[in-house]
Amino acid sequence: MITAGKYEGQHPLHPKARQILLDAFDQGWADPAQISAQGRQAQALLHQARESIAKSLALKVSEIELWGEPELISPIAIWGAPGFGSTPFIYGATERSEIIGMRAKSKQSFEISVDIDGAIDLELLTQTLQPNSIVAIQSANLETGVIQDIKAIAKAVVAQNAHLHIDATASGARFVKPAYWSTLHFDARSWNGPTGVGVFALKSDARWSNPLPHTKPTRAPNSFSIPLALAAAGALEHWIADESANSARLKSLIERIRNHVKQTISDVDIAGNAQSTLPNIISLSFLNVSSEQLVAALEVEGFSVASGSACVASALEPSHVLKAMGLLTHGNMRINLNHDVQDGEITKLLALLPGIISKLREN
Amino acid sequence: MTQELDCRGKRCPLPIIELSKKINEFEVGQELLFISDDPATAADLSAWARMTGNEFKIISADNFLITKSN
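Treat the numbers as computed from the prediction; the structure is a model and nothing was measured. (Residues numbered from 1 in each chain as written. Chains lettered and ligands numbered in written order. Predicted model: local features only at pLDDT ≥ 70, side-chain atom pairs only at ≥ 80, totals over all residues. Heavy atoms only, no water.)

A.B. asks: Residue-level account of the overall build of chain B, with values.
C.D. replies: Counting its regular elements, chain B contains 2 helices and 4 strands. Along chain B, helices (α) and strands (β) appear in the sequence β-α-β-α-β-β when read from the amino end. Over its C-alpha atoms chain B spans a radius of gyration of 11 Å, differing by no more than 12% from the 11 Å that the globule rule assigns to 70 residues. Projected onto its principal axes, the C-alpha coordinates of chain B cover approximately 30 × 25 × 20 Å. The buried share of chain B, taken over its 70 residues, is 49%. Of the contacts formed within chain B by residues at least 6 apart in sequence, a portion of 60% connects residues at least 24 apart. For chain B, the exposed area adds up to about 3,500 Å²; of that, 49% sits on carbon and sulfur atoms. Mean positive and mean negative side-chain charge positions of chain B (8 and 11 charges, respectively) differ by 3 Å. (Helix = DSSP H or I, 4+ residues; strand = E, 2+ residues; numbered from the N terminus. Rg over C-alpha atoms; globule rule 2.2 N^0.38 Å. Buried < 20%, exposed > 50% of the residue type's maximum accessible area, 1.4 Å probe, protein only. Contact = heavy atoms within 4.5 Å. Areas by Shrake-Rupley, 256 points an atom, 1.4 Å probe, with all protein chains shown as cover. Lys, Arg positive; Asp, Glu negative; His and termini not counted. Charge placed at Lys NZ, Arg CZ, Asp CG, Glu CD.)

Shown next as structure tokens:
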């Protein structure tokens, strides 16, 4: 399925996770902190889910916390880093808005520019880094699929022993962690899990303190839904199995789209290069095309795509990600492939696209 | 006299589409004063210039001097 819904790039819940979720509402509803039989059952299920998520993400169980409001994870992770507010806060120009927004809470903030392929200016980052800096970088971008060289970034950050927060919400289980990191943010939606479950990871030796009022001796509010957490764990296991069967196929489909669009349509910006983008995402911006009309024209043909252009996002400001890369912000469409996409769907899309674009350009 | 294209009040992508149409009628070297208050215009002009081979100068927040160069 070529899809992108309300949440950029969101896919339907994994069918197997759906079953887990329904069963979990019957079995895992109780408060795991209570010692009743139901409470003990919920606790055991939750323990299994945490172990499974940690194992799938190659983390220690003690390093992860589940959050019921995933969008809060990055801001809280940054806010709780040592000295946040008075020490330099460094972030990439294509980070998600809630991360960039944290600059309002810091006395010193530095935005690191990206090149036309979306890659962070590593030299500028290295020059800006200080021993007490807090660095927030995404491993990949949800709008464009651009992957950062997180290994090289981590190397620069470790040299200063600074805090490294990595936003892995776009790469999800595709994320390969570098040797050095401090905090990580995952969203279950990235592996076709349910909305409303995020994973916050804190490296065992990292310094961090919960910036929220300390009413309990915990690192997280723990008010997440247990059934959703169990479904997130199940979805992750199944997603990994689907990925190993389909990753090469998705990559070649994205490559096909990239080459076909380049050959058949003029005046188009394709974000990033084939070597440094996620295997399932491609962002295309067509000059002199209205994204609103493009998305509608594709919808009629049965293709559901998203757009980062202002005219579709019901915001006046254009996408800060495309703008930071110096790419065209109008006429944008994003294709985000799910594991169940059929090769024939892409063949159909590619056969239709040049005609749709030229028709829209004639208007 | 420099011709003018006033796209104030028009939303993305209309200003750039109108600019593309207008510049097609121009000779190489001819200039156009392009006025647009859409927030996407400044960002899109750089991409437009790169893709079409034309040049532009920012005169003020909403005023751009376009030179047909291709």
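A.B. asks: Give me the side chain of Asn338(A): which residues, what numbers.
C.D. replies: Its place among the elements puts Asn338(A) in the loop between strand 10 (332-336) and helix 10 (343-362). Within polar-contact distance, the side chain of Asn338(A) engages the side chain of Asn192(A) at 3.0 Å. (Polar contact = N/O pair within 3.5 Å; in protein donor to acceptor, adjacent residues only side chain to side chain.)

A.B. asks: Before we move on, could you go through the packing of aromatic side chains and cite the residues and values that matter?
C.D. replies: All names here are of chain A. According to the stated counting rule, one finds 7 aromatic pairs over all chains in the structure shown. Measuring from ring centre to ring centre gives 6.4 Å for tryptophan 67 and phenylalanine 200, while their planes differ by 85 degrees; the resulting arrangement is edge-to-face. Within this pair, whereas tryptophan 67 is found in strand 1 (residues 64-67), its partner phenylalanine 200 is found in strand 7 (residues 198-202), the two being separated by 133 residues in sequence. Phenylalanine 200 matches tryptophan 67 in its accessibility class, with the two residues each being buried. Centre to centre, the rings of phenylalanine 200 and tryptophan 208 are 4.9 Å apart; their planes meet at 55 degrees, and the pair counts as tilted. A relative accessible area of 1% places phenylalanine 200 in the buried class. Given the relative accessible area of 13%, tryptophan 208 is considered buried. Taken together, the ring pairs in this structure connect Trp67, Phe200 and Trp208 into an aromatic cluster. Positioned above the aromatic ring of tryptophan 79 is the side chain of lysine 105, whose terminal nitrogen or guanidinium carbon lies 5.6 Å from the ring centre. (Phe/Tyr/Trp six-rings, centres within 6.5 Å; stacked < 30°, edge-to-face > 60°. Lys NZ or Arg CZ within 6 Å of the ring centre and 35° of its normal.)

A.B. asks: With reference to specific residues and values, describe helix 8 (residues 291-300) of chain A.
C.D. replies: All names here are of chain A. Ser291, Leu294, Val295 and Leu298 are the residues of helix 8 that are buried. Angular distribution of buried residues about the axis of helix 8 spans 95 degrees; they occupy a single face of the element. Elements that come into contact with the buried residues of helix 8 comprise strand 9 (281-286), strand 10 and helix 10. In the stretch just after helix 8, glycine 302 is the one whose phi turns positive, near 95 degrees. (Arc of directions from axis to C-beta.)

A.B. asks: Can you explain the state of the cysteines? Please cite residues and give values.
C.D. replies: Cysteine pairs can be covalently joined through their sulfur atoms, and such a bond is termed a disulfide. Residues and elements named next belong to chain B. Per the stated rule, a full pass over the model turns up 0 disulfides over all chains. Summary of cysteine pairing: cysteine 7 is not part of a disulfide, and the nearest cysteine sulfur, belonging to cysteine 12, is at 12 Å. Judged by its relative accessible area of 7%, cysteine 12 is buried. (Disulfide = S-S within 2.5 Å.)

A.B. asks: If you had to explain the interface of chain A and chain B to someone new, which residues and values would you point to?
C.D. replies: Opposite the 22 residues of chain A that make contact, chain B presents 16 residues. For the pair chain A and chain B, the two sides together bury roughly 1,500 Å², of which 64% comes from carbon and sulfur. Linking chain A to chain B there are 1 salt bridge. With its nearest N and O atoms 2.8 Å apart, the salt bridge here joins Asp269(A) to Arg50(B). (Buried area = accessible area lost by both parts, 1.4 Å probe. Salt bridge = Lys/Arg side-chain N within 4 Å of Asp/Glu carboxyl O.)

A.B. asks: Please give an account of the pairing of strand 1 of chain A that cites residues and values.
C.D. replies: All names here are of chain A. A two-sided burial pattern is seen for strand 1, the buried positions comprising Ile64 and Leu66 on one face and Glu65 and Trp67 on the other. Alignment of strand 1 against strand 7, held across 4 bridges, turns out to be antiparallel. By the bridge assignment for strand 7, glutamate 65 is matched with phenylalanine 200. (Pairing = 2+ DSSP bridges.)

A.B. asks: Mind laying out the sheet that holds strand 10 of chain A, listing which residues take part and the relevant values?
C.D. replies: All names here are of chain A. Across the sheet, which stays open at both edges, the 3 strands sit in the order 8-9-10 with antiparallel pairing between neighbours. In this open sheet, the two strands that pair with only one neighbour each are strand 8 (268-270) and strand 10. Averaged over all adjacent pairs, the angle separating strand axes in this sheet is 20 degrees, with direction ignored. Summarising the sheet, strand 9 and strand 10 pair through 5 bridges and their orientation is antiparallel. Among the inter-strand pairings, isoleucine 282 is bridged to a residue of strand 10, identified as isoleucine 335. Contacting strand 8, strand 9 and strand 10, helix 7 (residues 226-264) runs over the sheet at an angle of about 15 degrees to strand 9. Running at roughly 25 degrees to strand 9, helix 10 makes contact with strand 9 and strand 10 of the sheet. (Axes fitted to C-alpha atoms, helices over the stretch in contact; angles between N-to-C directions.)

A.B. asks: Account for the pairing of strand 5 (residues 163-167) of chain A, naming residues and giving values.
C.D. replies: Residue and element names in this part refer to chain A. Counting buried residues in strand 5 gives 5 out of 5 residues, a clear majority hidden from the surface. On strand 5, burial covers both faces: His163, His165 and Asp167 on one face and Leu164 and Ile166 on the other are all buried. Sheet topology places strand 4 (residues 134-138) next to strand 5; 5 bridges connect them, and they run parallel. Following the sheet pairing, isoleucine 137 is matched in strand 5 by isoleucine 166. Once the chain exits strand 4 it traverses helix 6 (residues 150-159) before rejoining the sheet at strand 5, and the crossover so formed is right-handed. (Right-handed = clockwise from strand over helix to strand, strands pointing away.)

A.B. asks: Which residues make up the sheet that holds strand 4 (residues 63-67) of chain B, and what values go with them?
C.D. replies: Residue and element names in this part refer to chain B. Strand order in the open sheet made by the 4 strands is 1-2-4-3, with mixed pairing throughout. Of all the strands in the sheet, just strand 1 (3-6) and strand 3 (55-58) have a single pairing partner and so form its edges. Taken pair by pair, the neighbouring strands of this sheet meet at an average axis angle of 25 degrees, ignoring direction. Looking at chain direction, strand 1 and strand 2 (residues 31-35) are connected through 4 bridges and run parallel. Across the sheet, residue glutamate 4 finds its bridge partner in strand 2, namely leucine 33. Along the sheet, helix 1 (residues 14-24) makes contact with strand 1, strand 2 and strand 4, crossing strand 2 at roughly 165 degrees.

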